[in-house]
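So you can see what is in the structure, the chains are spelled out below.
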Amino acid sequence: YYNTYSTTRQDFSYMRLLNASLGMAAVDVYANSSLIASGLSYKGFTDYMQVIPGFYNIKIFQAGTTGTAIVDMQIEIPVKSVVTAAIIGIPPAAAVKAFFEPVLQIPQGKLYLRFANLSPDSASMDFVLSDGTALFEDISYGAVASYVAVLPNVYTFYLQRSGTDTSLLYVPNIRLLPDRF
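This structure is a prediction, so every number in the text was calculated from the model and none was measured.

A residue-level look at the protein chain finds 94% of positions with pLDDT of 70 or above and a mean pLDDT of 91. Low pLDDT, under 50, characterises residues 1-8; the predicted model gives this stretch 18 contacts beyond four residues in sequence or across chains.

Below, the discussion takes up the sheet that holds strand β7 (residues 82-88). Pairing in this open sheet of four strands is mixed, and the strands run β4-β1-β7-β8 from one edge to the other. Of all strands in the sheet, those with a lone pairing partner are β4 (49-51) and β8 (95-101), marking the two edges. Each adjacent strand pair in this sheet contributes to an overall mean axis angle of 35 degrees, direction not counted. Summarising the sheet, β7 and β8 pair through seven bridges and their orientation is antiparallel.

If you walk across this open sheet you meet the four strands as β3-β2-β5-β6, and the pairing is antiparallel. Across the chains shown, the open sheet's two edge strands, defined by having one partner strand only, are β3 (34-40) and β6 (71-77). Averaged over neighbouring strand pairs, the angle between their axes works out to 25 degrees when direction is ignored. Examined bridge by bridge, strand β5 (residues 54-62) and β6 share seven bridges and lie antiparallel to one another.

So, about the pattern of salt bridges. Overall, the coordinates contain two salt bridges when judged by the stated rule. Here D72 makes a salt bridge to K59, at a shortest N to O gap of 4.0 Å. Here K59 lies in strand β5 and D72 lies in strand β6, a separation of 13 residues in the sequence. By relative accessible area, which is 31% here, K59 ends up partly exposed.

In this structure, M15, L17 and V29 are the most contacted members of the largest nonpolar core, which totals 23 residues. Listing elements by their share of this core, those giving two or more residues are β1 (13-19), β2 (27-31), β3, β4, β5, β6 and β7. In contact with M15, other than residues within four places in its own chain, are I36, D47, Y48, M49, V51, I75, I77, V83 and A85. Counting 14 residues, the second-largest nonpolar core is a separate cluster that includes L111, L113, F115 and I139.

A few words on the side chain of S81. Tracing the sequence through the fold places S81 in the loop between β6 and β7. S81 gets classed as buried once you look at its relative accessible area, which sits at 9%. A polar side-chain atom of S81 sits 2.8 Å from the main-chain carbonyl oxygen of P78. When residues no more than four places from it in sequence are discounted, the contact partners of S81 are S13, Y14 and F100.

What counts and how
- Residues numbered from 1 in each chain as written.
- Predicted model: local features only at pLDDT ≥ 70, side-chain atom pairs only at ≥ 80, totals over all residues.
- Heavy atoms only, no water.
- pLDDT = per-residue confidence, 0-100.
- Contact = heavy atoms within 4.5 Å.
- Pairing = 2+ DSSP bridges.
- Helix = DSSP H or I, 4+ residues; strand = E, 2+ residues; numbered from the N terminus.
- Axes fitted to C-alpha atoms, helices over the stretch in contact; angles between N-to-C directions.
- Salt bridge = Lys/Arg side-chain N within 4 Å of Asp/Glu carboxyl O.
- Buried < 20%, exposed > 50% of the residue type's maximum accessible area, 1.4 Å probe, protein only.
- Core = buried A, V, L, I, M, F, W, Y, C linked by side-chain atoms within 4.5 Å.
- Polar contact = N/O pair within 3.5 Å; in protein donor to acceptor, adjacent residues only side chain to side chain.

This is the structure:
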């Protein structure tokens, strides 16, 4: 994608999009006036795309339209970065938030897991295993935890209001495979 702030020598970056805006209909996403995602539905991800580092004007429209933008903002993609750009919030307060992925080697037979709180107006949350082990604690809205290495297995998770036993969500039988983030 063309970037007006680019230089002659480029080290590429990678970006994918996530539509995490609760209740938002499918959207089309433009970066510097070029369509980069079409019909991206709630909970939908794009594949990673190679991008030139720099500043991008991101405009998001209801799918199939180019009238009034739901989001119109600028994001920066640093050199040699891997980014998940999440559409968060509820219109008219929707926005794009960049979450940077570390460039790490996964230990053989393990996986890395992290948690992001993308639920608007939520309290801080703890991400807890069925045995009571808290993997992530006190994650506020818009925040993301650092990755932790875990063994591949089938897990049951609970999201709880931070510092309490109040369960907000029960997620049973999630199979986590090795050699992945």
